[in-house]
Amino acid sequence: MDVAFIIETIAKIVVILLIFSALAGLGTYFERKVLAFMQRRLGPMHVGPFGLLQVAADGIKLFTKEDIIPQNVVKPIFKIAPIITAATAFMASAAIPFWPQFTVFGYTVHPIVADINVGILYVLAIMAIGLYGPLLGGMASANKWSLISAARSAAIFISYEVITGLALLAPLMMVGSLSLIDINNYQAGGITHWIVWSQPVAFVLFWIAAFAETGRTPFHLVANDHEIIDGFGTEYSGMRWGMFFIGEYANMFFISFVISIVFLGGFGDGTIAGAIQLLLKVSFFFFFFLWTRAAWPDIRPDQLMWLCWKVLMPIAVLNVVGTGIVMMF
Amino acid sequence: MHHEEVFTDRNVSESSAYYYVDIENYPTTGWDKFKQVVKRTFSGELFVGLWVVLREMIKFDIHTVQYPLEKLPIGPRYRAVHKLLRLWESGYERCIGCGLCEKICISDCIRMDTRIDENSRKEVTEYSINLGRCIFCGYCAEVCPELAIVHGQRYENASEQRAHFVIKDDMLTPLDMLKAGEQAEYPGFGAIIPGSDASVKKTPLAY
Ligand code: SF4
Ligand code: SF4
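Residues numbered from 1 in each chain as written. Chains lettered and ligands numbered in written order. Predicted model: local features only at pLDDT ≥ 70, side-chain atom pairs only at ≥ 80, totals over all residues. Heavy atoms only, no water.

Engineer: An account of the pairing of strand β3 (residues 122-129) of chain B is needed here, citing residue identities and associated values.
Structural biologist: All names here are of chain B. Relative to β3, strand β2 (residues 110-116) runs antiparallel, the two being bridged by 7 bridges. Counterpart to Thr114 in the pairing with β3 is Val124. Hairpin connection from β2 to β3: 5 residues lie between these consecutive antiparallel strands, with Ser120 at a positive phi of about 60 degrees. In this sheet, strand β5 (residues 166-167) lies alongside β3 in antiparallel orientation, the contact comprising 2 bridges. (Pairing = 2+ DSSP bridges. Helix = DSSP H or I, 4+ residues; strand = E, 2+ residues; numbered from the N terminus.)

Engineer: Quick one: what's the story with the interface of chain A and chain B, residue by residue and with numbers?
Structural biologist: Taken together, the contact between chain A and chain B spans 16 residues of the former and 14 residues of the latter. Of the roughly 1,500 Å² buried between chain A and chain B on both sides combined, carbon and sulfur atoms contribute 76%. Contact with chain B buries surface across chain A, with Arg40, Leu42 and Trp296 of chain A losing the most and accounting together for 41% of the total. Linking chain A with chain B are 1 salt bridge, by the criterion used here. Between Arg40 of chain A and Glu56 of chain B there is a salt bridge whose closest N-O contact spans 3.0 Å. Where chain A meets chain B, there are 5 residue pairs in polar contact (both at pLDDT 80 or more). Secondary-structure elements contributing two or more residues to the side of chain A that touches chain B are α1 (3-38) and α12 (272-295) of chain A. Looking at the side of chain A that touches chain B, its residues break down into 12 nonpolar, 2 polar and 2 charged. (Contact = heavy atoms within 4.5 Å. Buried area = accessible area lost by both parts, 1.4 Å probe. Salt bridge = Lys/Arg side-chain N within 4 Å of Asp/Glu carboxyl O. Polar contact = N/O pair within 3.5 Å; in protein donor to acceptor, adjacent residues only side chain to side chain. Nonpolar A, V, L, I, M, F, W, Y, C, P; charged D, E, K, R; others polar.)

Engineer: Describe the pattern of salt bridges, listing the residues and the values that go with them.
Structural biologist: Under the counting rule described, the total for this entry stands at 17 salt bridges over all chains. In this structure, the salt-bridge partner of Lys35 of chain B is Asp32 of chain B, at a minimum N-O distance of 3.7 Å. Placement of the pair is Lys35 of chain B and Asp32 of chain B together in helix α1 (residues 30-42), with a separation of 3 residues, close to one helical turn. One salt bridge connects Glu185 of chain B with Arg94 of chain B, and the closest N-O pair in it is separated by 2.4 Å. A residue pair is termed long-range when its members are at least 10 positions apart, and Glu185 of chain B in the segment after α6 (175-179) and Arg94 of chain B in the loop between β1 (82-84) and α3 (100-104) qualify at 91 residues. On the accessibility criterion, Arg94 of chain B (6% relative accessible area) is buried. When salt bridges that share partners are traced, they join Glu31, Arg216, Glu248 and Arg293 of chain A into one network. (Buried < 20%, exposed > 50% of the residue type's maximum accessible area, 1.4 Å probe, protein only.)

Engineer: Tell me about the packing of aromatic side chains, and name the residues and values.
Structural biologist: Within the structure shown, the criterion is met by 28 aromatic pairs over all chains. Measuring from centroid to centroid gives 6.1 Å for Phe20 of chain A and Phe257 of chain A, while their planes differ by 70 degrees, and the two rings are edge-to-face. Here Phe257 of chain A lies in helix α11 (residues 238-263) and Phe20 of chain A lies in helix α1, a separation of 237 residues in the sequence. Measuring from ring centre to ring centre gives 5.0 Å for Tyr236 of chain A and Phe244 of chain A, while their planes differ by 85 degrees; the resulting arrangement is edge-to-face. Owing to a relative accessible area of 6%, Tyr236 of chain A belongs among the buried residues under this scheme. Classification of Phe244 of chain A by relative accessible area gives buried; the value is 6%. Taken together, the aromatic side chains of Phe203, Phe206, Trp207, Phe211, Phe263, Phe284, Phe285, Phe287, Phe288, Phe289, Trp291 and Trp296 of chain A make up a single cluster linked through ring pairs. One cation-aromatic arrangement involves Arg121 of chain B over Tyr92 of chain B; the distance from NZ or CZ to the ring centre is 4.9 Å. (Phe/Tyr/Trp six-rings, centres within 6.5 Å; stacked < 30°, edge-to-face > 60°. Lys NZ or Arg CZ within 6 Å of the ring centre and 35° of its normal.)

Set out below in structure tokens:
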């Protein structure tokens, strides 16, 4: 392990942290704007041109707000819960290739923090740990709404982990590797090689599960404003609440990357054009998260469980079995 | 950019656009439930929803009124902060100091003071309305025999001080505005009915 490698890795980590923290902020701006336009409103307009500096204003507000720890909460757990959400979201990004490798001044940079051979498994596992943020935060809050939200989040995340795993199993059987780079290279032959054509069912299932994993509408019942206020975030204020937020938005970006890489060819053959395509795909998936929020209603927790265990899981299992049979012959 | 609402008759009548939504009975048997699920899954309703919001985004027909910068038009009969009007020809104040408005005001918020001036005319020296108590009922405008006190269109009357009553100078049409013809007759509560000129008879002088 030489020094250059360590420095490079640290640099990559810092860059990813900075870019995605900023993107999480900008994500809130885009979300407000897109939702506003879809509802014939203007959205933020007053801070900076077209409200662009709203992000900065929000950031200043969150950083300078008093960090309130309510009296009856379980203090240590209450304090670390938001950190779990934010940290796991960023930890998951370690195995995601954001850009094809490129060469600067004769030095080849791999824009992935760690190309481990179990990449996708690692991403899923860390995202699953992200469950502890809402769960512990909600349970430690001494607030009934938070408690309901914690229970819901535990149920949803655990159920939909099953869908994510089973949906990914079929493509992974075809690729034969868990590394996201390998999955990407498997589809490098262009648009006809994309896994979405051979595994459309897995694609749809994974996409649906992504909504549950990130807790977005129509599966937003972890923090459904009109039922349980802000759910696990109700008692939080200032930057602790902000960390939940950053975690949520970073998660949306990372899951968009995962969908694009696993099913839609990722950055293809690794040229600049391929890399830009990857960004376009990610933007589309991110936009879709906002789009559904404007268009679709939320569903009830029991409907969500019903959907998971009675509809999606059987389909996912059948999909895996079908893929196996096709691959055997 | 924004769209201005035309003031129309908004009364809800039987011929208006309300109708009952047709809701089917919920399925009871398992097979019916299954059919409903399949029907709902493949009817593409979710995509209709997606299309509707996307269409609105593309059309970009924004309805936001950026309030302090833009304002919605307000109904001409709206009862906001009062105005005292002047006579068109002479520029005298219309108020004759009869005190009817002070008397009728149900929240007892009008105060006035009068005196007889050099020309033996009754002059209104003080006239104030405590807007903190006024309920904008419009009785004062209705009772005024001279159409002197009317309601204006100024609805932004937030203030840091309760003592910011509306005093006479705030309400009275300034002379230069009157000369510029900017004083508007009030069509609302207590105003003359349109066409009432026709029903005025000459005072018979033969008493
Ligand atoms: S509007 Fe009604 S409450 Fe207000 S000053 Fe006139 S009579 Fe009094
Ligand atoms: S009712 Fe009219 S004329 Fe009489 S005092 Fe009031 S404002 Fe003046």
